[in-house]
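# Tertiary structure, described
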Amino acid sequence: MRLTEMLEEAVSQGDKSLVFTQFMEMGTILKDYLADRFENDVLFIHGGVSRLNRESAVKTFQSKGGP
């Protein structure tokens, strides 16, 4: 899968990535797949996530060493 290849390259260079999809179900599938593939936490934000949880996820992502 090309997405996996691109993310492997980013991770190997110590980078973080954002992946966008307009489909919540596909986001859930990708979250689970990527968490298994990279053995790391994967944050998933969608329209049903509360503002507080969304802000927490963004803060976690932006932190040094965050997923």
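Shown above is the structure to which this text applies.
These remarks concern the structure in this document. Within every chain, residues take consecutive numbers counted from 1 along the sequence as written. Reporting of local features is limited, given that this is a predicted model, to residues whose pLDDT is at least 70; pairs of side-chain atoms are given and counted only at 80 or more, and all residues count toward the totals for whole chains, interfaces and linings. Excluding hydrogens and water, the side-chain figures rest on all heavy atoms present in the structure.

Glancing now at the overall build of the protein. Counting secondary structure elements, the protein contains three helices and zero strands. Taken from N to C terminus, the helices and strands of the protein fall in the order α-α-α. Here the radius of gyration uses the C-alpha set of atoms, whereas the globule reference equals 2.2 Å times the residue count to the power 0.38. What you see for the protein is a C-alpha radius of gyration of 12 Å, in line with the 11 Å of a compact globule of 67 residues. Each principal axis of the C-alpha atoms in the protein carries an extent, and together these give about 30 × 30 × 15 Å. Classification of residues uses two cut-offs on accessible area relative to the type maximum, computed with a 1.4 Å probe and protein chains only: under 20% is buried, over 50% is exposed, and between them is partly exposed. With 67 residues in all, the protein has 13% of them scored as buried. When contacts within the protein are restricted to residue pairs at least 6 apart in sequence, those whose partners lie at least 24 apart make up 48%. About 5,500 Å² of surface is accessible on the protein, with carbon and sulfur atoms providing 53% of the total. Positive charges come from Lys and Arg, negative ones from Asp and Glu, while His and the chain ends are left out of the count. Lysine's charge is taken at NZ, arginine's at CZ, aspartate's at CG and glutamate's at CD. Here the protein carries 8 positive and 10 negative side-chain charges, and the mean point of each set is 10 Å from the other. Numbering goes from the N terminus for both helices and strands, where a helix is a DSSP run of H or I of at least four residues and a strand is a run of E of at least two. Contact definition: two residues touch when any of their heavy atoms are within 4.5 Å. Note on areas: Shrake-Rupley, 1.4 Å probe, and residue coverage restricted to the protein chains presented here.

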